[in-house]
Amino acid sequence: MTVEDSPDAPPPVRSRRRPAEPGRQDWKSWPHYDAAGAGFRGYWYPVTWSSQITDKPLPFTICGEKITLIRDGGRAYALHNRCPHRGVPLSEGDQQFPGTVSCPYHGWTFDLPTGKLAAVITDGPGCRLTGKVSVRTYAVEERLGMVWVYIPLADEEPHPIDSQLPEELVSNAFVMGGRIDPRGGNWRFACENGFDEGHAKYLHRTALWRLFKPMPTWNITRIVPKGRWIFRVQDDVHWEADFPGVGRWTNKRWWKFQPPKETFNIGNTGKADKINPTIEAQEFPGFASLSMPGVLRIAYPNFIHYEFYVPVDEDNHRYVGVMVNFTEGWDTLRFYGKYLGAIRWLFHGQFSGQDAWMVDITDAPPEKLYRPDISLTAWRNLSEEEYGKKLAGAGTHEKEA
């Protein structure tokens, strides 16, 4: 596992929302989505790498919930990061007894599995509050080398985490490398950027990851639903174009490979001669797909890239980028060498850094959409429908969530 991560830093104070202007489009057509500035509740979210969680508690914020993660006896636990006595973060404390965490201020000590007050060191063994006070706990699972926390809508039992993961990651062997970074910008901007049909052709034209491979100038695409995913399908790919009154524009360069003549839907730079059998067996309609609560999948001929957009608050999110190669044995060493030597810096570094730049400075709504933004509206429609069902199933309403 190749990792890079850091706990939460104090978020910058800023506000991006402003009233929609007359004649400009806002998000009223997607009320659940519009209200989800701090994320959709009722889902599992990857928080950090499993290796980062030890017996020293660490603070994180997910969907606006302040959480501390700590490991005891090999198992990770999540508690609300606030001692009910005076509001001191439990992440500043430590373990004084097995299976507990103690507040650094007065030694209020909480049981990790239940969150109940187990002892108050400065009040002696007979403290009357013992067992009567508690802090909230959160369900925790570990998958893909990461710690996942379930953020509930109400007090419901969480759904199985495997039902939320990309199906091919549950049923196949693979090797992976990844990166987790705290980033500025709302999680919705990050998610929309990932699935956005138009930006890669222009924004990423200077990325070193694409140094020798041309990108199309424009495409004709459509959105195809399949199960809980929506796929972006390319019907026409155009590598250059004449713009009336302006001139000719192309991503072709003399040092780049010649683009293919065929339309393709695995990878985004050309048709592959050979596709990994596991990837081919998935029968993806298109190379880019998206599912709730914000999971992006980009299928290349020999690997799949995943992005998980983890809400922190209105203005910050955690970027979780994972590169997966469906291989075993000695081939895993080849992957790690390639990842450490190139992918980590070129793809999860400079290439993804261009996305981070745009997400951080995006200011919408108001907005004026254009034809390729069918990817954005399809995603908003999916999230609106799926979250509406979740709210109805939980018997709650948006203001209660």
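Residues numbered from 1 in each chain as written. Predicted model: local features only at pLDDT ≥ 70, side-chain atom pairs only at ≥ 80, totals over all residues. Heavy atoms only, no water.

For the protein chain, the name recorded in an unreviewed UniProt entry is Rieske 2Fe-2S domain-containing protein, with Streptomyces phaeochromogenes as its organism.

Q: Looking at this structure, I do not really get the sheet that holds strand β3 (residues 65-72). What am I missing?
A: For sheets, the rule is that strands pair by backbone hydrogen bonds, running either parallel or antiparallel. On the basis of which strands lie adjacent, the open sheet formed by four strands has the order β2-β3-β4-β8 and antiparallel pairing. Looking along the sheet, the strands with just one partner apiece sit at the ends: β2 (58-62) and β8 (137-138). As defined by bridge partners, β3 adjoins strand β4 (residues 75-80) across six bridges and the pair is classed as antiparallel. Among the inter-strand pairings, Ile70 is bridged to a residue of β4, identified as Tyr77. (Pairing = 2+ DSSP bridges. Helix = DSSP H or I, 4+ residues; strand = E, 2+ residues; numbered from the N terminus.)

Q: Help me understand the packing of aromatic side chains in this model?
A: For any pair of aromatic rings, geometry is given as the distance between the ring centres together with the angle between the planes. Using the criterion set out here, one finds 16 aromatic pairs in the structure. Connected via pairs of aromatic rings, a cluster forms that spans Trp27, Tyr33, Phe40, Trp187, Phe189, Trp379 and Tyr387. In this structure, Arg380 packs its charged tip against the face of Trp30, placed 4.9 Å from the ring centre. The ring centre of Tyr43 lies 4.4 Å from the NZ or CZ of Lys390, which sits over that ring. (Phe/Tyr/Trp six-rings, centres within 6.5 Å; stacked < 30°, edge-to-face > 60°. Lys NZ or Arg CZ within 6 Å of the ring centre and 35° of its normal.)

Q: Would you explain the nonpolar core in this entry?
A: Soluble globular proteins tend to bury their nonpolar side chains together. Phe40, Val149 and Trp379 are the most contacted members of the largest nonpolar core, which totals 79 residues. Contacts of Phe40, omitting those with residues within four sequence positions, involve His32, Tyr33, Tyr45, Cys63, Trp187, Met292, Pro293, Ser383 and Tyr387. Grouped together as the second largest cluster of nonpolar side chains are 16 residues, Ile70, Cys83, Val101 and Leu112 included. (Core = buried A, V, L, I, M, F, W, Y, C linked by side-chain atoms within 4.5 Å. Buried < 20%, exposed > 50% of the residue type's maximum accessible area, 1.4 Å probe, protein only. Contact = heavy atoms within 4.5 Å.)

Q: Whenever I open this one, the pattern of salt bridges confuses me. Can you help?
A: Two side chains carrying opposite charge are able to pair once their charged atoms lie near each other. This structure, assessed with the given rule, holds 18 salt bridges. Salt-bridge contacts for Glu192 lead to Arg380; the nearest nitrogen and oxygen are separated by 2.8 Å. Within this pair, whereas Glu192 is found in helix α3 (residues 187-195), its partner Arg380 is found in helix α7 (residues 374-394), the two being separated by 188 residues in sequence. Taking the relative accessible area as the measure of exposure, Arg380 reaches 0% and is therefore buried. One salt bridge connects Glu367 with Arg380, and the closest N-O pair in it is separated by 2.7 Å. (Salt bridge = Lys/Arg side-chain N within 4 Å of Asp/Glu carboxyl O.)

Q: Which parts of the structure should I look at to understand empty space enclosed by the protein?
A: Using a probe with the size of a water molecule, rolled over the atoms, empty space left in the structure can be pinpointed. Applying the stated criterion across every chain yields a total of three cavities of 30 Å³ or more. Approximately 60 Å³ is the volume found for the second largest cavity. If you trace the second largest cavity, you find it lined by Arg183, Ala190, Asn193, Glu307, Tyr309, His317, Tyr319, Ser352, Asp355 and Val359. Mapped by element, the contributors of at least two residues to the lining of the second largest cavity are α3, β18 (304-313), β19 (316-325) and α6 (331-361). Broken down by element, the residue count for the lining of the second largest cavity peaks at three residues, all from α6. Of the residues in the lining of the second largest cavity, the class split is four nonpolar, three polar and three charged. (1 Å grid on protein atoms, 1.4 Å probe; cavity = no way out; pocket = protein on both sides within 12 Å on 5 of 7 lines; lining within 4 Å. Points joined across faces, edges and corners; volume = space filled by probe spheres on them. Nonpolar A, V, L, I, M, F, W, Y, C, P; charged D, E, K, R; others polar.)

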